[in-house]
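Each chain, letter by letter, is given below.
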Amino acid sequence: MRTYAGHSTARDSNALYRRNLAKGQTGLSIAFDLPTQTGYDPDHELSRGEVGKTGVSIAHKGDMHHLLDGIPLDEMNTSMTINATAAWLLALYLVTAEENGVDRRVLQGTTQNDIVKEFLSRGTYAFPPGPSMRLIADTIAFTVDEVPKWNPINICSYHLQEAGATPVQEIAYAMSTAQAVLDAVRERVDPDTFPRVFGRISFFVNAGIRFLEEHAKLRALAELWEELGRERYGVTDERYLRLRYGVQVNSLGLTEAQPENNVIRIVLEALAVTLGRDARARAIQLPAWNEALGLPRPWDQQWSLRIQQILALETDLLEYPDIFGGSAVMDGLVEELVAGIRAEMAIVAEHGGAVEAVPYMKTQLVESHRERVGRIERGELKVVGQNVFTGAEPSPLEEGEDGGIMRVDPDVERGQIEAVRRWRAFERDPGAVATALDDLRSAAREESTNLMPATSACAHVGVTTGEWAGALRDAFGAYRAPTGVSDAAATSEDDSLTALRERVEEVSETLGRRLKILVGKPGLDGHSNGAEQIAVRARDAGMDVVYEGIRLTPQRIAQAAVQEGVHVVGLSILSGSHRELIPEVLRSLREASGTENGSGAPLVPVVVGGIIPESDARELLAAGVARVYTPKDFEITRIMGEIVELVAARAGASDLPASGTLASLAQGAPRQ
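Residues numbered from 1 in each chain as written. Predicted model: local features only at pLDDT ≥ 70, side-chain atom pairs only at ≥ 80, totals over all residues. Heavy atoms only, no water.

Visitor: Kindly report on the overall build of the chain, identifying the contributing residues and their values.
Guide: Counting its secondary structure elements, the chain contains 26 helices and 14 strands. Computed over its C-alpha atoms, the radius of gyration of the chain comes to 25 Å, within 12% of the 26 Å expected for a compact globule of 672 residues. The principal-axis extents of the C-alpha atoms in the chain amount to approximately 75 × 65 × 50 Å. Residues classed as buried in the chain amount to 60% of the 672 residues present. Looking at the chain alone, contacts between residues at least 24 apart form 79% of all its contacts between residues at least 6 apart. Taken as a whole, the chain presents about 25300 Å² of accessible surface, with 50% of it coming from carbon and sulfur. If the 68 positive side-chain charges of the chain are averaged to one point and the 95 negative ones to another, these points end up 2 Å apart. (Helix = DSSP H or I, 4+ residues; strand = E, 2+ residues; numbered from the N terminus. Rg over C-alpha atoms; globule rule 2.2 N^0.38 Å. Buried < 20%, exposed > 50% of the residue type's maximum accessible area, 1.4 Å probe, protein only. Contact = heavy atoms within 4.5 Å. Areas by Shrake-Rupley, 256 points an atom, 1.4 Å probe, with all protein chains shown as cover. Lys, Arg positive; Asp, Glu negative; His and termini not counted. Charge placed at Lys NZ, Arg CZ, Asp CG, Glu CD.)

Visitor: Can you lay out the nonpolar core for me, pointing to particular residues and giving the numbers?
Guide: Phe203, Trp225 and Trp468 are the most contacted members of the largest nonpolar core, which totals 137 residues. Setting aside its immediate chain neighbours within four residues, Trp468 contacts Ala84, Thr85, Ala87, Trp88, Phe127, Leu135, Leu437, Leu440, Thr455 and Val463. If you look at the next biggest cluster of nonpolar residues, it comprises 31 residues, including Val366, Val504, Tyr629 and Ile639. (Core = buried A, V, L, I, M, F, W, Y, C linked by side-chain atoms within 4.5 Å.)

Visitor: Before we move on, could you go through helix 14 (residues 328-350) and cite the residues and values that matter?
Guide: Between its terminal C-alpha atoms helix 14 stretches 33 Å, which fits the 33 Å expected from 23 residues at 1.5 Å a residue. All buried positions along helix 14 are accounted for by Met330, Val334, Leu337, Val338, Ile341, Glu344, Met345 and Val348. Tucked into the core, helix 14 has its buried residues touching helix 8 (167-186), helix 10 (211-231) and helix 15 (358-378). The first or second residue beyond helix 14 is Gly352, which carries a positive phi of 105 degrees. (Expected span 1.5 Å × (residues − 1).)

Visitor: Explain the pairing of strand 11 (residues 544-547) to me, using residue names and the numbers behind them.
Guide: The side chains of a regular strand alternate, first on one face of the sheet and then on the other. Judged from the four bridges that link them, strand 10 (residues 516-520) and strand 11 form a sheet pairing that is parallel. Residue Ile517 lies in a different strand from strand 11, and its bridge partner there is Val545. (Pairing = 2+ DSSP bridges.)

Visitor: Run through the sheet that holds strand 3 (residues 77-81), naming residues and quoting values.
Guide: Strands sit in the order 1-2-3-4-5 across an open sheet of five strands; the sheet is parallel. A strand with exactly one partner marks an edge of an open sheet, and here the two such strands are strand 1 (4-5) and strand 5 (150-151). Where strand 4 (residues 108-111) meets strand 5, two bridges bridge the pair, whose relative direction is parallel. Bridge pairing links Gly109 to Trp150 in strand 5. Across the sheet, helix 4 (residues 86-99) lies against strand 3, strand 4 and strand 5, angled at about 150 degrees from strand 3, the strand it touches most. (Axes fitted to C-alpha atoms, helices over the stretch in contact; angles between N-to-C directions.)

Visitor: Explain the environment of Ala172 to me, and be specific about the residues and the numbers.
Guide: One can find Ala172 in helix 8. With relative accessibility at 0%, the residue Ala172 sits in the buried group. Excluding anything up to four places from it in sequence, Ala172 contacts Ile341, Glu344 and Met345.

Visitor: Kindly report on the packing of aromatic side chains, identifying the contributing residues and their values.
Guide: In this description, an aromatic ring pair is defined by two values, namely the gap between the centres and the angle between the planes. All told, the structure shown has 13 aromatic pairs when counted by the stated rule. Their ring planes at 45 degrees and their centres at 5.7 Å tell us that Tyr158 and Phe204 sit as a pair that is tilted. In this pair, Tyr158 is assigned in helix 7 (residues 158-162) and Phe204 in strand 7 (residues 202-207), connecting sequence segments 46 residues apart. Phe204 gets classed as buried once you look at its relative accessible area, which sits at 10%. Three or more aromatic residues joined by ring pairs make a cluster, and in this case those are Phe194, Phe198, Phe203, Trp225 and Tyr233. Geometry around Tyr240 places Arg239 over its ring, the cationic atom sitting 5.1 Å from the centre. The lysine or arginine in question, Arg473, covers the ring of Tyr40, its NZ or CZ lying 4.2 Å from the ring centre. (Phe/Tyr/Trp six-rings, centres within 6.5 Å; stacked < 30°, edge-to-face > 60°. Lys NZ or Arg CZ within 6 Å of the ring centre and 35° of its normal.)

Visitor: Can you tell me about the pattern of salt bridges, naming the residues and giving the values?
Guide: Scanning the entire structure with this criterion turns up 50 salt bridges. Between Glu371 and Arg378 there is a salt bridge; the shortest N-O distance is 3.5 Å. Taking the relative accessible area as the measure of exposure, Arg378 reaches 37% and is therefore partly exposed. Each of Asp41, Asp43, Arg421 and Arg424 takes part in salt bridges that share partners, so that together they form one network. (Salt bridge = Lys/Arg side-chain N within 4 Å of Asp/Glu carboxyl O.)

Visitor: Can you tell me about a negative patch on the surface, naming the residues and giving the values?
Guide: Together, Glu223, Asp331, Glu335 and Glu336 make up a region of like negative charge exposed at the surface. Broken down by element, the residue count for the negative patch peaks at three residues, all from helix 14. On the secondary structure map, Asp331 appears in helix 14. (Patch = residues over 30% accessible without salt bridge, like charges linked within 9 Å, V, L, I, M, F, W, Y side chains within 5 Å.)

Visitor: Just give me the short version of the packing of helix 17 (residues 430-445) against helix 19 (residues 465-476), but keep the residues and values in it.
Guide: Where helix 17 contacts helix 19, the axes come no closer than 9 Å and their chain directions differ by 35 degrees. Crossing handedness for the pair helix 17 and helix 19: right-handed. Along the contact surface, helix 17 presents Val433, Leu437, Leu440, Arg441 and Ala444, while helix 19 presents Glu467, Trp468, Ala471, Leu472, Asp474, Ala475 and Phe476. Among the residues forming the contact of helix 17 with helix 19, the class breakdown is nine nonpolar, no polar and three charged. (Left-handed = near helix turned anticlockwise from the far one by under 90°. Nonpolar A, V, L, I, M, F, W, Y, C, P; charged D, E, K, R; others polar.)

Visitor: Tell me about the sheet that holds strand 14 (residues 627-629), and please be specific about residues and values.
Guide: Across the sheet, which stays open at both edges, the five strands sit in the order 11-10-12-13-14 with parallel pairing between neighbours. The two strands at the open ends of the sheet, each matched to only one other strand, are strand 11 and strand 14. For this sheet, the mean inter-axis angle between neighbouring strands, taken without regard to orientation, is 20 degrees. Direction of pairing for strand 10 relative to strand 12 (residues 568-573): parallel, over a ladder of four bridges. Across the sheet, Gly520 pairs through a bridge with Leu571, a residue of strand 12. On top of the sheet, helix 22 (residues 554-564) reaches strand 10, strand 11 and strand 12; it is set at about 165 degrees to strand 10, its chief contact.

Visitor: Tell me about unusual backbone geometry, and name the residues and values.
Guide: Phi angles above zero are rare outside glycine, and Ser8 is one such case at about 60 degrees. On the basis of relative accessible area, Ser8 is assigned to the buried category, the value being 5%. Positive phi, close to 65 degrees, is recorded for Arg551, a residue that is not glycine. Along the chain, Arg551 falls in the loop between strand 11 and helix 22. Overall, the relative accessible area of 12% leaves Arg551 in the buried class.

Below, the structure written as structure tokens:
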């Protein structure tokens, strides 16, 4: 039983972990901040506003010692949500255990380490696909003997569902990824060892609100996993063929509107992976009820832990054999899903396997998510409190000075910057660091050399996260993943979209050229699902769209906006860094354009979307942002209509008659 937790500094997170363990949590699930996940130190330009926000900042082995201080690593099962830098964080964990007298052979836990899904959905990649897969294979080949109780990877379908994957797509793409990983590792270990490698592979899956279908999905995965082991890899030992998976239940379906309803959703989703014993999860972590509002507080995480404890200890959930055995309904669901998964896996194979098929899979996810959002907009998919039964009493859970969420002290970033600079200057031997980094670069240039020994040597001598990743970037080069936007299918016709297109044509004619929008994601936030949907809808509405994907500096966004001559800038941030990065974008836009209006806002209007508390939204509007949208604003066509009217007003075209349905969409005050 876990809660996904970590924030601010290693010392702060250590105190949180100790409290959670005292409350009955039985394992750790460590959340790292975005600079740590993407291989940057706290003082890097791209780390601005991101330090300690989505997790804990870990820059070197000293931080890892503070994070795990007083926690019995020989008794603990630790899950680390880390991918691009998984080899590095695992090395820091091993060094910390060793320096505390713990034999690495007794360590238990998991590094997530699934880079394909980062290219598809979450965006915390650091290196190109080929070298990334090599790092994964090297880590697995190293741990199978050196850290035999450790799960060196969990193939992570969780984020695929967050990006819009159907159950068929979620399992098909995860299985295809597992196959690519196993094929890569098979070249690095002897045949007698390989069955043990297969037995250490685990999965991290998502459980959505349709909990019977979700349970069937897990039974289908178990069936296909055993089949893959027997038929493709010749594994016969039943222990190694067993599906091993952990779960976080769905965050995509959590609503900002009436957020107390999320508790019911979380409980039902937990049932999907606990009801049937033959497909029951090994480990569960539940989101907090308020994750659509902001960073959960310790009390919110405690509530999620209590849900697990009540299900396990107060109900009779764990007392019976598999309750779905012999169910015609469940058997039929599983059969249908297995057939669909096999068909989709065959398409991925035709594209050359999971790594080569990243552009295809990304496009499919964008299209699936577009369809889901469209169904909610049209009312075909009902979400209580969001598009049906929207009248409600104010939630007392959101009252109080904190507004129902935790805020990370902005001084944390300043402190971490000073700390990492002190570490580099005074806490290590510069010569040993330089030698270790040179050895790492040399190992990276030799394809047959396992990178884990050189990585461990770097951890021992005090290399930082940014230095380790920087050395590998030198060797491997840079990479930007496909966005899936240009190849996504067009949205199906409806009256509101037709009206929006007509209005875009009217405003474009007045402007003298096609209305153009830049969609940008400043900082390190890689959750691009919302930005992609805005970009696709803007394209379908007839606008010219500039969208480069994730991980842009405010300066780059501003320069692109001026160079491209856009009429509006749309920014998406879900990591909590909006208070730092949005004002920086506004400042950079003013500097890049050399002009501003009387309010201090740039002449090009800026629209912001993300997980933004109401008080922060007011500050952003006062600073010059034209519109703020949050998860409760699910009607993308309405949002686009308001953006068009915003451009029209700035261009003096607002006296044009808004066409048909669009007139009603654009009426009233903008949503915040």
